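Close look at the chain arrangement
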Amino acid sequence: MSFNIEEGRYVILGSIDGLLATLGIIVGVSVVSADNSIIVTAGFGGAIALALTNGLGSYLAESTIEHGKLVRAEKSLLRKLSNTYVASQSRKRIVKDAITHGGASFLASLIPLAPWVLGAGSVIASVALSLITLVFLGVYAGYISKQNYATSVAKMVGLGTLIVITVQLLRLGHFV
Amino acid sequence: MSQIKRLVLDVLKPHEPTNVEVASAIGDIQDVEGVNVSLYEVDQETENVKITVEGINVDYNLVRQTIENLGGVVHSVDEIIAGKKIVEEEETLHDRG
């Protein structure tokens, strides 16, 4: 399966969402309980909810944009485009983007959860795995944007670290 | 009915599918031996192309259907060559003047 630039956008968006939001859940829940099953359940719940909202969000947003494009083309061509190759390609793009966004979000959510699922759960392991994934994501983003790989990785890991630090600060002064 | 050997069509189409895809789709039609898609004008939403189709027995309806399925509209049929041999347009005195 090859990804074009449009899908690359959803791979990056979904992965960052899944990775960091799930990491946030793990860090937050681990303050209250160190029980593996509670953290895994909370993490999976978050992962599924994120995947569904990202997928549905993309579906609705892309449907709106694609429908607008079709209507504008129809006005210029003075004909309906329903039941044409153009309309079917448009529908395929909407579904592909929704699956890519939701799927990337879900798969990335599994990364910080993996140590807990395997029974070797620790916040440090989740943070480390997430940061390593952000390095790969940075390389991928650099490849897509034709940017310097080091800059792209630094940006991705830097932003990820910022979020991890923010979540850790919240953990220190936890309100629960 | 004699067989159509060449069709020249003036077509308005959206930017997607690309002209490469359009040429390839028309080229896949039975009895079509060659296709030329030339871009004439590009607008914000559409582009105007001249499509030349050659073959032993070109089915105009099939070519039009393929173009319409790809989102295009045939504005006019600018040239048709049918029969046993290809007859090119002759220059008349009027054209020379």
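Figured I'd write up the structure that's included with this text. Treat the numbers as computed from the prediction; the structure is a model and nothing was measured.

**Comments concerning the overall build of chain A**
Check the secondary structure of chain A and you find five helices and zero strands. Along chain A, from the amino end to the carboxyl end, the secondary structure elements read α-α-α-α-α. Dimensions of chain A, computed from C-alpha atoms along their principal axes, come out at roughly 65 × 35 × 30 Å. Evaluated residue by residue, chain A yields a buried proportion of 39% over its 176 residues. Taking as baseline every contact in chain A between residues at least 6 positions apart, the subset at least 24 positions apart corresponds to 71%. Accessible surface computed for chain A: about 9,600 Å², of which carbon and sulfur atoms make up 73%.

**Some details on the interface of chain B and chain A**
A common way to state how big an interface is: give the accessible area lost once the parts meet. Listed as interface residues are 14 residues of chain B and, on the opposing side, 10 residues of chain A. Together chain B and chain A conceal approximately 940 Å² of surface at their shared face, both sides included; 61% is due to carbon and sulfur atoms. The tally of links from chain B across to chain A stands at one salt bridge. The interface formed by chain B and chain A includes five residue pairs in polar contact (both at pLDDT 80 or more). The set of elements that each furnish at least two residues to the side of chain B that touches chain A consists of strand 1 (4–14) and helix 2 (60–69) of chain B.

Reading the values: rules and limits
- Residues numbered from 1 in each chain as written.
- Chains lettered and ligands numbered in written order.
- Predicted model: local features only at pLDDT ≥ 70, side-chain atom pairs only at ≥ 80, totals over all residues.
- Heavy atoms only, no water.
- Helix = DSSP H or I, 4+ residues; strand = E, 2+ residues; numbered from the N terminus.
- Buried < 20%, exposed > 50% of the residue type's maximum accessible area, 1.4 Å probe, protein only.
- Contact = heavy atoms within 4.5 Å.
- Areas by Shrake-Rupley, 256 points an atom, 1.4 Å probe, with all protein chains shown as cover.
- Buried area = accessible area lost by both parts, 1.4 Å probe.
- Salt bridge = Lys/Arg side-chain N within 4 Å of Asp/Glu carboxyl O.
- Polar contact = N/O pair within 3.5 Å; in protein donor to acceptor, adjacent residues only side chain to side chain.

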